[in-house]
Amino acid sequence: MPTSSNRSSSSAEPRRSFPGGVKGEVIKTVPVGQIVETLIEEALRLAEEMGELADGEGATPSVTVG
């Protein structure tokens, strides 16, 4: 099966619509036996990326009690 890590909008993979109006995009095609591992890897990569964005922008945590 072909694999692709290309996230550009010009990829041949179509956008998908799911129930509830949620929209998604195929970012990688993997064999069935690698789905869970791939999802975990992608989640960890996104979490790291989000952490870097928060750290890099000088964001400080805040709590507002109303």
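None of these values were measured; they are calculated from a predicted model.

Caption draft 1: Up close: the layout of surface pockets. Estimated volume of the largest pocket: approximately 180 Å³. Grouping the constituent residues of the lining of the largest pocket by class yields five nonpolar, one polar and two charged.

Caption draft 2: Structural context of the confidence of the model for the protein chain. Mean pLDDT over the protein chain stands at 74; residues scoring 70 or higher make up 65%. Counted against residues more than four places away or in other chains, residues 1-10, with its pLDDT under 50, gives 14 contacts.

Caption draft 3: Quick look at the pattern of salt bridges. Per the counting criterion, the structure on display carries two salt bridges. Where E42 meets R45, a salt bridge forms, and the shortest distance between an N and an O atom there is 2.7 Å. Placement of both E42 and R45 in helix 1 (residues 35-56) is noted, with a separation of three residues, approximately one turn of the helix. With relative accessibility at 33%, the residue R45 sits in the partly exposed group. Across the pair E49 and R45 runs a salt bridge, and its minimum N-O distance is 3.0 Å.

Caption draft 4: Molecular detail of the side chain of T38. Mapped onto the fold, T38 is located in helix 1. Among the polar contacts listed, one links the side chain of T38 to the backbone oxygen of Q34, at a separation of 2.6 Å. When residues no more than four places from it in sequence are discounted, the contact partners of T38 are K28 and V30.

Caption draft 5: View of a nonpolar patch on the surface. Together, V32, I35, V36, L39, I40 and L44 line one region of the surface with nonpolar side chains, adding up to about 620 Å² of accessible area. Turning to its location among the elements, I40 is positioned in helix 1.

Rules of the game
Residues numbered from 1 in each chain as written. Predicted model: local features only at pLDDT ≥ 70, side-chain atom pairs only at ≥ 80, totals over all residues. Heavy atoms only, no water. 1 Å grid on protein atoms, 1.4 Å probe; cavity = no way out; pocket = protein on both sides within 12 Å on 5 of 7 lines; lining within 4 Å. Points joined across faces, edges and corners; volume = space filled by probe spheres on them. Nonpolar A, V, L, I, M, F, W, Y, C, P; charged D, E, K, R; others polar. pLDDT = per-residue confidence, 0-100. Contact = heavy atoms within 4.5 Å. Salt bridge = Lys/Arg side-chain N within 4 Å of Asp/Glu carboxyl O. Helix = DSSP H or I, 4+ residues; strand = E, 2+ residues; numbered from the N terminus. Buried < 20%, exposed > 50% of the residue type's maximum accessible area, 1.4 Å probe, protein only. Polar contact = N/O pair within 3.5 Å; in protein donor to acceptor, adjacent residues only side chain to side chain. Patch = residues over 30% accessible without salt bridge, like charges linked within 9 Å, V, L, I, M, F, W, Y side chains within 5 Å. Areas by Shrake-Rupley, 256 points an atom, 1.4 Å probe, with all protein chains shown as cover.

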